[in-house]
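# Examination of the molecular architecture
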Amino acid sequence: MPDTPAATPRARVRVPLRFHDGYGADAELVTFHGLADGREHVAVVLGDPGPTPLVRLHSECLTGDVFGSARCDCGPQLREAVERIAERGGVLLYLRQEGRGIGLYNKLDAYALQDQGLDTYEANAALGLPEDARDYTAAAQMLAALGIGELDLLSNNPDKAEQLRARGVVVRDRVPTGVFTTAHNVRYLRAKVLQTQHTLPLAELAELTGLTGLTTG
């Protein structure tokens, strides 16, 4: 990995995962020494990873992952990812990057601005924050420490694949996640398509928001 010190596994522990809908999977959680950003990221190893495992980079979302917030699609994406990765074999990297890297309090401040009509990216900018502050150097370190140099990436976000490739990881394919819409997150999902080219069905989202004539630019 270019110009980045190597990380090493710190500890491994078996954890049975159980979700509210009754689905369960056995996982191995791996912690690390030497991550570039000093945060406590965790690798969740599921199934039997092969030479080209299925991998998801999942950014922590307290509101969605824990409280089941309908303002985003994070909770359903996490649930989906665990099952799909367990079936095929691979790793979910749970990255401590709340609110696309701006933190929990700032994310909630951005929510308040979204209630006034701004989209998720405009709200971050209005707070003087980056639209997306996430950096995937630590993710690349974690993959290298696990011996993963080539993978299929479970993501709708092209930036994740680009950042991993820039850090020496071979992303063979980008596999889209499901589309998890609610009455509360449709505008959020639409903004992800328009602002950061997420691979989501724009026409469908436009219809749900009552907006027409939208393009991805």
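Residues numbered from 1 in each chain as written. Predicted model: local features only at pLDDT ≥ 70, side-chain atom pairs only at ≥ 80, totals over all residues. Heavy atoms only, no water.

### Quick word on the overall build of the chain
Let me state the cut-off plainly: Numbering of helices and strands runs from the N terminus, with a helix taken as a DSSP run of H or I at least four residues long and a strand as a DSSP run of E at least two residues long. Type-normalised accessible area, obtained with a 1.4 Å probe on protein chains alone, sets the label of each residue: buried when under 20%, exposed when over 50%, and partly exposed for intermediate values. Whether two residues are in contact is decided by their heavy atoms, any of which lying within 4.5 Å being enough. Each accessible area is a Shrake-Rupley estimate made with a 1.4 Å probe; only the visible protein chains count as cover when residues are assessed.
The helix and strand tally for the chain stands at 9 helices and 7 strands. For the chain, the residues scored as buried account for 49% of the 217 residues in total. In the chain, once contacts between residues fewer than 6 apart in sequence are set aside, the share between residues at least 24 apart is 60%. Surface exposure of the chain reaches about 10400 Å², of which carbon and sulfur atoms provide 51%.

### Some thoughts on the confidence of the model for the chain
We count it as follows: The predictor reports its confidence for every residue as pLDDT, a score running from 0 up to 100.
Looking at the chain, pLDDT values average 86 and 82% of them are 70 or higher. This stretch, residues 208-217, has a pLDDT under 50; its non-local contacts, to residues over four places away or in other chains, come to 17 contacts.

### Some points on unusual backbone geometry
Among all residues save glycine, negative phi is the norm, and among peptide bonds the norm is trans. A positive phi angle, close to 55 degrees, is found at R100, a residue other than glycine. Position of R100 relative to the elements: it lies in helix α3 (residues 98-101).

### A look at the sheet that holds strand β2 (residues 24-33)
Worth spelling out the cut-off: Two strands make a pair as long as DSSP finds a minimum of two bridges between them. Axis lines are fitted through C-alpha atoms, for helices just across the contact stretch, and the angle between N-to-C directions can take any value from 0 to 180 degrees.
With respect to topology, 7 strands assemble into an open sheet ordered β1-β2-β3-β5-β4-β6-β7, the strand pairing being mixed. The open sheet has two edge strands, β1 (8-18) and β7 (170-175), and neither has a second partner. Across the sheet, the axes of successive neighbouring strands diverge by a mean angle of 30 degrees, strand direction being ignored. Contacts from helix α6 (residues 137-145) reach β1, β2, β3 (42-46), β4 (54-59), β5 (90-95) and β6 (150-154) within the one sheet, and its direction differs from that of β5 by about 145 degrees. Those strands touched by helix α7 (residues 158-166) are β4, β6 and β7, and its axis lies near 170 degrees from that of β7.

### Regarding the pairing of β6
β6 sits mainly inside the fold: 4 of its 5 residues count as buried. Here β4 pairs with β6 via 2 bridges, running parallel. The residue bridging L54 from the neighbouring strand is D152, located in β6. Bridge count between β6 and β7: 5 bridges; the pairing is parallel. Bridged to D152 within β7 is D173.

### Topic: the packing of aromatic side chains
Operational definition: For this analysis, a ring pair means two rings from Phe, Tyr or Trp (six-membered ring only for Trp) whose centres lie within 6.5 Å, classed as stacked if their planes differ by under 30 degrees, edge-to-face if by over 60, and tilted for the remaining angles. Charges are assigned to positions over rings by a cutoff of 6 Å between ring centre and Lys NZ or Arg CZ, combined with an angular limit of 35 degrees from the ring normal.
Within the structure shown, the criterion is met by 1 aromatic pair. Relative to Y23, the ring of F19 has its centre 6.2 Å away and its plane inclined at 35 degrees; by these criteria the two rings are tilted. A relative accessible area of 18% means that Y23 is categorised as buried. The side chain of R79 reaches across the aromatic face of F19, ending 5.7 Å from its centre. Lying across the ring of Y121, R100 places its NZ or CZ 4.4 Å from the centre.

### Observations regarding the pattern of salt bridges
Definition in use: Any carboxyl oxygen of Asp or Glu within 4 Å of a side-chain nitrogen of Lys or Arg constitutes a salt bridge here.
For the coordinates displayed, the defined rule picks out 12 salt bridges. In this structure, R79 engages D21 in a salt bridge whose closest nitrogen and oxygen atoms are separated by 2.9 Å. One end of the pair, R79, is in helix α2 (residues 74-88); the other, D21, is in the loop between β1 and β2, with 58 residues separating them in the sequence. You can call R79 buried: its relative accessible area is 16%. A salt bridge links R88 to D152; the nearest nitrogen and oxygen atoms lie 2.6 Å apart. Of this pair, R88 sits in helix α2 while D152 sits in strand β6; the two residues are 64 residues apart in sequence, bridging distant segments of the chain. The exposure class of D152 is buried, given its relative accessible area of 3%.

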